[in-house]
Amino acid sequence: MLNLHRLGGLAYFVRTSTRHINVLILGLLLFAVSATPTHAGLTSGPEYDTLQALYSSTNGAAWTDSTGWLSGDACGWFGVTCDQDSVPTDNTSHVHAIVLSSNHLVGFIPSLASLTNLYAFDAGYNQLSGPLPSLVGLSGLHDFEVPFNQLSGGIPAISQLGALQYFSVEHNNLTGPL
């Protein structure tokens, strides 16, 4: 007797009268699961350029972890998370989060304006200096965290950021109202 089994989008048959699973079917099944893309692609364009600018302006070569940065798909770079789409080679992904806290970033935060789908930015506990960039246009920004740096200047306008839930800028040299 044959029984139909499913795993994800794959279907396979197992003969219930035998005592061993067909190794070939199991091998194909494991290959199909491991070959499924884990992230979509981002290999050029304004968002890619912004990530490169972040790396350059914060001395990325000296970061504690800069795995993958400046080569290939930015969605696979350490600290970068992209939205998921079904075609990893179509370069239509968008940066969803940047998490580089405690990673020895030294320098300034460049403009983040091209990251229009950014949900979270965390670069706390580094050695960032200079002013905060404008956050205008980042309407989906939920979390912005840069505590324990040496940032200075005014706090950017955040009143238009309707999705913003967490804004952490403490232990810097910033001035002005929220």
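Residues numbered from 1 in each chain as written. Predicted model: local features only at pLDDT ≥ 70, side-chain atom pairs only at ≥ 80, totals over all residues. Heavy atoms only, no water.

Enquirer: Just to check I follow, could you spell out the sheet that holds strand β9 (residues 150-154) for this structure?
Expert: The strands that make up a sheet pair up through hydrogen bonds in the backbone, lying either parallel or antiparallel. Across the sheet, four strands lie side by side as β5-β7-β9-β11; this open sheet has parallel pairing. Since the sheet does not close on itself, it has two edges, and those belong to β5 (106-107) and β11 (173-175), each with one partner. Sheet topology note: the β9/β11 ladder contains three bridges and is parallel. In the strand pairing of β11, G154 is matched with T175. (Pairing = 2+ DSSP bridges. Helix = DSSP H or I, 4+ residues; strand = E, 2+ residues; numbered from the N terminus.)

Enquirer: Just to check I follow, could you spell out the pairing of β9 for this structure?
Expert: Side-chain positions along a regular strand alternate between the two faces of the sheet. By the bridge criterion, two bridges tie strand β7 (residues 127-130) to β9 in an arrangement that is parallel. From the neighbouring strand, G130 faces β9, where its bridge partner is L151.

Enquirer: Help me understand the nonpolar core in this model?
Expert: A general trend in soluble globular proteins is that nonpolar side chains are found buried together. Membership of the largest hydrophobic core comes to 37 residues, with the highest contact counts inside it found for L51, W69, I98, F121, F144 and V146. Mapped onto this core, the elements with two or more residues apiece are α2 (46-57), β3 (80-82) and β4 (95-99). Residue contributions to this core peak at four residues, all from α2. Every residue in contact with I98, bar those within four places of it in the chain, is listed here: L51, L54, G79, L115, L118, A120, F121 and D122. (Core = buried A, V, L, I, M, F, W, Y, C linked by side-chain atoms within 4.5 Å. Buried < 20%, exposed > 50% of the residue type's maximum accessible area, 1.4 Å probe, protein only. Contact = heavy atoms within 4.5 Å.)

Enquirer: Quick question: what am I supposed to make of the packing of aromatic side chains here?
Expert: Remark: the centre distance and the inter-plane angle together describe each pair of aromatic rings, the angle taken between the planes. As enumerated under the stated definition, the model contains eight aromatic pairs in all. The interplanar angle of 55° and the centroid separation of 5.2 Å between the aromatic rings of Y48 and W77 together place this pair among those described as tilted. With Y48 in helix α2 and W77 in the loop between α2 and β3, this residue pair connects regions lying 29 residues apart in the sequence. Judged by its relative accessible area of 9%, Y48 is buried. (Phe/Tyr/Trp six-rings, centres within 6.5 Å; stacked < 30°, edge-to-face > 60°.)

Enquirer: Please clarify how the environment of A120 should be interpreted in this entry.
Expert: On the secondary structure map, A120 appears in strand β6 (residues 120-122). Take A120: its relative accessible area is 12%, and that puts it in the buried class. On a C-alpha basis, the gap between A120 and I98 in space is 6.3 Å, while along the polypeptide they are 22 residues apart. Look past the residues within four positions of A120 in its chain and what remains in contact with it is H96, A97, I98, L141 and D143.

Enquirer: When you look at unusual backbone geometry in this model, what are you seeing that I'm missing?
Expert: Residues other than glycine predominantly adopt negative phi, and peptide bonds predominantly adopt the trans conformation. In the Ramachandran plot, L70 falls in the positive-phi region, its phi being about 75° despite a non-glycine side chain. Assignment of secondary structure puts L70 in the loop between α2 and β3. A relative accessible area of 39% means that L70 is categorised as partly exposed.

Enquirer: Is there a simple way to think about the state of the cysteines in this case?
Expert: Simply put, the disulfide is a covalent bond whose two ends are the sulfur atoms of two cysteines. The full count for this structure, using the stated rule, is one disulfide. A sulfur-sulfur distance of 2.2 Å marks the disulfide that ties C75 to C82. Taking the sign of the torsion about the S-S bond as the criterion, the disulfide between C75 and C82, at about -95°, is left-handed. A residue is classified by how much of its surface remains accessible, and C75, at 7% relative accessible area, is buried. (Disulfide = S-S within 2.5 Å.)

Enquirer: Would you take a moment to explain the sheet that holds β3 for this structure?
Expert: With respect to topology, five strands assemble into an open sheet ordered β3-β4-β6-β8-β10, the strand pairing being mixed. Strand pairing shows two members of the sheet lacking a second neighbour, β3 and β10 (166-168), which therefore form its edges. The sheet shows a mean angle of 15° between the axes of neighbouring strands, direction not considered. Inspection of the sheet shows β4 paired to β6 by three bridges, in the parallel sense. Looking at β6, one finds that V99 is bridged to D122. Across the sheet, α2 is in contact with β3, β4 and β6; its angle to β4 comes to roughly 10°. (Axes fitted to C-alpha atoms, helices over the stretch in contact; angles between N-to-C directions.)

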